[in-house]
Amino acid sequence: MIVVDASAVAKWFLPEPWQEEALALLAHRERLAAPDILAPELRGVLARRCRRGEVAEAEARAAIATFEAAGLVLHPSPPLLAAAFELALAARHGVYDCVYLALAVQLDAPLVTGDEKLVAKMARLGMPVRLVPVREIASILPGAAS
């Protein structure tokens, strides 16, 4: 399994750096997992971009339909909250990001994120999860060129 966060999934729909790399995940969608908070977080990102005039509402709606059709395995977040809270306290970091981290720990899976600061912080702290920046997705995908 590969855990993905909202910053990685948003790159499927928004013209951002490393979008092509993020799109490579879709070929492996049967291996993708996330906590159920991904659904509202992605909608929040798209709504914010609509308010800023960066994305048309029709594009945002189409992005949500594509996301829902992708069939990611969404894990309920309540069972992850205790571990996420402990990670948040240990890392002095936000609980929402730590819900993704807790799922990655639970599944013993890498977490793909577009949040480079999170990757650096967790590496510095020696947290028990493998974070993979979107730009390095090829390193964890079978058959992908590096």
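Let me begin by describing the structure that accompanies this report. (Residues numbered from 1 in each chain as written. Predicted model: local features only at pLDDT ≥ 70, side-chain atom pairs only at ≥ 80, totals over all residues. Heavy atoms only, no water.)

**Details of helix H7 (residues 116-125)**
Along H7, the residues classified as buried are Leu118, Val119, Lys121 and Met122. Buried-residue contacts for H7 involve helix H5 (81-91), helix H6 (95-107), strand S4 (111-113) and strand S5 (131-133). The N-terminus of H7 is capped by aspartate 115, whose side-chain oxygen sits 3.2 Å from the backbone nitrogen of lysine 117. Looking one or two places after H7, you find glycine 126, whose phi comes out positive at around 65°. (Buried < 20%, exposed > 50% of the residue type's maximum accessible area, 1.4 Å probe, protein only. Helix = DSSP H or I, 4+ residues; strand = E, 2+ residues; numbered from the N terminus. Contact = heavy atoms within 4.5 Å. Polar contact = N/O pair within 3.5 Å; in protein donor to acceptor, adjacent residues only side chain to side chain.)

**Some thoughts on the side chain of serine 77**
Mapped onto the secondary structure, serine 77 falls in the loop between strand S3 (73-75) and H5. The class of serine 77 is buried, set by a relative accessible area of 11%. Setting aside residues no more than four positions away along its own chain, serine 77 makes contact with Asp36, Ile37 and Val99.

**A look at the sheet that holds S3**
Hydrogen bonds between backbone groups are what pair the strands of a sheet, and the pairing can be parallel or antiparallel. In spatial order, the strands read S3-S2-S1-S4-S5; together these five strands make up an open sheet with parallel pairing. Each having just a single partner strand, S3 and S5 make up the two edges of the open sheet. Adjacent strand axes in the sheet meet at a mean angle of 35° when their direction is disregarded. Note: strand S1 (residues 2-4) against strand S2 (residues 32-35), two bridges, orientation parallel. In the strand pairing of S2, isoleucine 2 is matched with leucine 32. Across the sheet, H6 lies against S1, S2, S3, S4 and S5, angled at about 130° from S2, the strand it touches most. The strands that H7 touches are S4 and S5; relative to S5, the one it contacts most, it runs at about 145°. (Pairing = 2+ DSSP bridges. Axes fitted to C-alpha atoms, helices over the stretch in contact; angles between N-to-C directions.)

**Focus: unusual backbone geometry**
Here tryptophan 18, not a glycine, exhibits a phi torsion of approximately 70°, which is positive. The exposure class assigned to tryptophan 18 is partly exposed, which follows from its relative accessible area of 39%.

**Notes on the packing of helix H3 (residues 38-51) against helix H4 (residues 57-70)**
One way to put it is that H3 packs onto H4 with a least axis distance of 9 Å and a crossing angle of 165°. Classified by the angle their axes make, H3 and H4 are roughly antiparallel. The hand of the H3/H4 crossing is right-handed. Listed contacts from H4 to Leu38, Ala39, Leu42, Arg43, Leu46 and Cys50 of H3 are Glu57, Ala60, Ala63, Ile64, Phe67 and Glu68. Residue classes in the contact of H3 with H4 are distributed as nine nonpolar, no polar and three charged. (Parallel < 35°, antiparallel > 145°, perpendicular 65-115°, else oblique. Left-handed = near helix turned anticlockwise from the far one by under 90°. Nonpolar A, V, L, I, M, F, W, Y, C, P; charged D, E, K, R; others polar.)

**Notes on the packing of H5 against H6**
Where H5 contacts H6, the axes come no closer than 8 Å and their chain directions differ by 120°. Seen along the crossing, H5 lies across H6 with a hand that is right-handed. Contact residues: Leu81, Ala83, Ala84, Phe85, Leu87 and Ala88 in H5; Val95, Cys98, Val99, Leu101 and Ala102 in H6. Broken down by class, the residue content of the contact of H5 with H6 amounts to eleven nonpolar, no polar and no charged.

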